[in-house]
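# Structure at a glance
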Amino acid sequence: MLVALAAITLLVAGCSGRSDDGGGGSEGGDEKSSSAASGDFGDLTGICGPGDAKAATAQGVTADSITVGVFTDLGFNKNPEFVDAANVFTSWCNAAGGINGRKLVPNIHDAKLMEVRQRMIEACRDDFALVGGGVGFDGLGVKERLGCLLPSFPAQVAQVTAIGADLELSASPSRWVGYDSYYGFRKWALDTYPDSRNAVGILRGDAAVTKTLADQGTETIQAAGGTVVWQDAYPASGIADWTPYAQAIKEKGVKGLIFYGNPTHLPKLEETLTGMEYKLDWIDTTNNNYSQDFIDQLGRSAEYQNNFLDLGGFAPIELADEIPALQQVKDMYAEYAPDATITFPAMRAMSAWALFSKAATACGDELTRKCVYENGLKETEWTGGGLHAPVKVGDKTSPSPCFNLEQVTPDGWKPADFNPDNGLYRCDIPPYKYTQDYGKPMTLADVGKSMNDFN
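A brief report on the enclosed structure follows. (Residues numbered from 1 in each chain as written. Predicted model: local features only at pLDDT ≥ 70, side-chain atom pairs only at ≥ 80, totals over all residues. Heavy atoms only, no water.)

### Looking at the overall build of the chain
This is how it is decided: Starting at the N terminus, helices and strands are each numbered in turn, a helix being any DSSP run of H or I of at least four residues and a strand any DSSP run of E of at least two. Restricting the calculation to C-alpha atoms gives the radius of gyration, and the globule rule supplies 2.2 Å times the number of residues raised to the power 0.38. A simple rule labels every residue: compare its accessible area, found with a 1.4 Å probe on the protein chains alone, to the largest value its type can have, and call it buried under 20%, exposed over 50%, or partly exposed in between. Here, two residues are considered to be in contact whenever any of their heavy atoms come within 4.5 Å of each other. Methods summary: accessible areas were calculated by the Shrake-Rupley approach with a probe of 1.4 Å, and residue burial reflects only the protein chains presented. Only four residue types enter the charge count: Lys and Arg as positive, Asp and Glu as negative, with His and the chain ends excluded. Charge positions are represented by NZ for Lys, CZ for Arg, CG for Asp and CD for Glu.
Each helix and strand counted, the chain has 15 helices and 13 strands in total. The C-alpha atoms of the chain give a radius of gyration of 21 Å, which matches the 23 Å a tight globule of 455 residues would have. In terms of principal-axis extent, the alpha carbons of the chain reach across some 70 × 45 × 40 Å. For the chain, buried positions account for 60% of its 455 residues. In the chain, the proportion of contacts linking residues at least 24 apart, taken out of those at least 6 apart, comes to 75%. Accessible surface, the chain: about 16,600 Å² in total, of which carbon and sulfur atoms supply 47%. Distance between charge centres in the chain, computed from 37 positive and 59 negative side chains, equals 5 Å.

Dropping the structure here:
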């Protein structure tokens, strides 16, 4: 449950796909699809392909393979989304020839929620880099990662010490250092539903990470000209009867609700509210609920209540027929993991894998951590091949202003009417910079290291 609570912007929860034992890597299949044969991903050309590598140039790198770590909480949340994404992408890339002829070997590190430090020590011993993963308590392993100078290309980050930490390159950041990237959504909600401006509520699972998120949400609502009139926490494991919380929401006259918690809990609260015939102007479900499974659980509330979420500038999966990169991801899953579910965190993972692969391929035979990291930093308009709005990789001070809203309908998730001004996205509301101190990311200096040690 705690992983899902941590997943408000991390998206750790998602919906489950096929099961996987999570132990060790897989080089995937050998059959080449047309996209694999070219090594092109979306509008990125040749990010994977053949070569004639001859030497072991770094830890985890041989003349034949590159061992790459993937962090997951699979043993706790039973969600294989990052394992599936790793196996799908590496199978596709290897079918194209790998990274200059070296096969990508995903090394799965199952943190099981609380074993982050132990798995990071193993990654420090075995891996060339970390790619395409995420865990609820990632802050527990940052010290070890920086201590062994292990670069990371995460799918998502969770805790303050990990968000924007040194040697981390986020292809599609789920959170930004010192900023609330969901400010645009919340300002839109208050402007679109003015009755909610002075009637916002926040409900969270009772955990330290969601306490910080609720405090940040309160500050953001106030900055957008709103007022939080009610805030509460429910037991992290959930409850049998949501009536007390629904009654409190009604008694306080809450019109807009921000929910930080397990995706399976919100539908139960909404069922109670709908049974009381109390309709909110908007509910910020947060994008860890971006799945058909969530809509199915809502039942009649899918039509009665107004559920929204912000994809933060990521193209909606239901528009795959209009976005070549999205369609390619669907085709890759159909070929290499037909029983797996494509979740939103998995989509973030695909962008991370693409960034790593392009950066590594550009290194040629002399593949080193420093080369991959520096090549990743060169990407100032990274879109993951067309999966999301442009990101200046490595820039921790200039978060993307682009957002895009999805709304629940009886027919599934659909783009909301949020006045996009840049294709699929709206980019005219700058992210909000927090005035309160919520902590800071860990640096190399914190572990007695510097970039001079990195090679």
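There is more to say, and it comes next.
### Things to note about the sheet that holds strand β8 (residues 256–260)
Consider a sheet: its strands pair through backbone hydrogen bonds, and that pairing is either parallel or antiparallel. Keep this limit in mind: The rule for pairing is simple: two strands pair if DSSP sees at least two bridges between them. Here, axes are lines fitted to C-alpha atoms. For helices the fit covers the stretch in contact, and angles between N-to-C directions go from 0 to 180 degrees.
Strand order in the open sheet formed by 7 strands is β7-β6-β8-β9-β10-β11-β12, and the pairing between neighbours is mixed. Looking along the sheet, the strands with just one partner apiece sit at the ends: β7 (228–234) and β12 (412–415). Strand-to-strand twist in this sheet, taken as the mean axis angle between neighbours without regard to direction, amounts to 25°. Looking at chain direction, strand β9 (residues 282–284) and strand β10 (residues 307–310) are connected through 2 bridges and run parallel.

### Notes on the sheet that holds strand β1 (residues 65–72)
Spatial strand order, β2-β1-β3-β4: 4 strands in an open sheet with parallel pairing. Each of the sheet's edge strands pairs with one partner strand only, and the pair in question is β2 (103–110) and β4 (152–153). With 2 bridges joining them, β1 and strand β3 (residues 129–131) adopt parallel strand pairing. By the bridge assignment for β3, G69 is matched with L130.

### A short note on the side chain of S172
Looking at where S172 falls in the secondary structure, it is placed in the loop between β4 and β5 (179–180). With sequence-adjacent residues up to four places away left out, S172 is seen in contact with A155, F314, R348, S351 and H388.

### Structural notes on the pairing of strand β6 (residues 200–205)
Rules: Classification remark: right-handed applies to a crossover when, strands pointing away from the viewer, the course from the first strand over the helix to the second runs clockwise.
Across the 6 residues of β6, 6 count as buried, placing the element largely inside the fold. Here β6 shows a buried face lined by V200, I202 and R204 and a second buried face lined by G201, L203 and G205. The pairing of β6 with β7 spans 6 bridges and is parallel. By the bridge assignment, V200 is partnered in β7 with V228. Assessed by its sense of winding, the connection that carries the chain from β6 through helix α8 (residues 208–223) to β7 is right-handed. Pairing geometry for β6 and β8, over 5 bridges, is parallel.

### Concerning the nonpolar core
Soluble globular proteins tend to bury their nonpolar side chains together. Cut-off, in case you're wondering: As used here, the term nonpolar core means buried Ala, Val, Leu, Ile, Met, Phe, Trp, Tyr and Cys residues forming a set that is joined through side-chain atoms within 4.5 Å.
F41, F89, W92, L269, M350 and F356 are the most contacted members of the largest nonpolar core, which has 102 residues in total. Aside from chain neighbours lying at most four places away, what touches F89 is F41, I47, C48, M332, M350, W353, A354 and S357. Counting residues in hydrophobic clusters, the runner-up holds 23 residues, among them F185, W282, A416 and Y432.

### Focus: the pattern of salt bridges
Counted only if it meets this: Any Lys or Arg side-chain nitrogen found within 4 Å of a carboxyl oxygen on Asp or Glu counts as a salt bridge.
What the rule picks out here adds up to 15 salt bridges. Linking R204 and D206 is a salt bridge whose minimum nitrogen-to-oxygen distance equals 3.8 Å. Residue classification places R204 among the buried residues on the basis of a relative accessible area of 11%. Classification of D206 by relative accessible area gives partly exposed; the value is 49%. With a closest N to O distance of 2.7 Å, D428 and R426 form a salt bridge. What makes R426 buried here is its relative accessible area of 15%.

### Here's the deal with the state of the cysteines
Here is the rule we go by: Any pair of cysteine sulfurs within 2.5 Å is marked as a disulfide.
For the structure on display, the rule yields 4 disulfides. Here C48 engages in a disulfide with C93; their sulfurs sit 2.0 Å apart. Since a negative S-S torsion denotes a left-handed disulfide, the C48-C93 link at about -105° is left-handed. Here C48 is found in the loop between α2 (34–38) and β1, whereas its partner C93 is found in helix α4 (residues 81–95), with 45 residues between them in sequence. Pair check on accessibility: C48 and C93 agree, each one buried. Note on cysteine connectivity: C363 is disulfide-linked to C371, with sulfurs 2.1 Å apart. Because the torsion about its S-S bond is -115°, the bridge between C363 and C371 counts as left-handed.

### Overview of unusual backbone geometry
The residue K112 is not glycine, and still its phi comes out positive at about 50°. Residue position: K112 is located in the loop between β2 and α5 (116–126). The backbone phi angle of N419 is positive, close to 60°, even though this residue is not glycine. Locating N419 in the fold gives a position in the loop between β12 and β13 (432–433).

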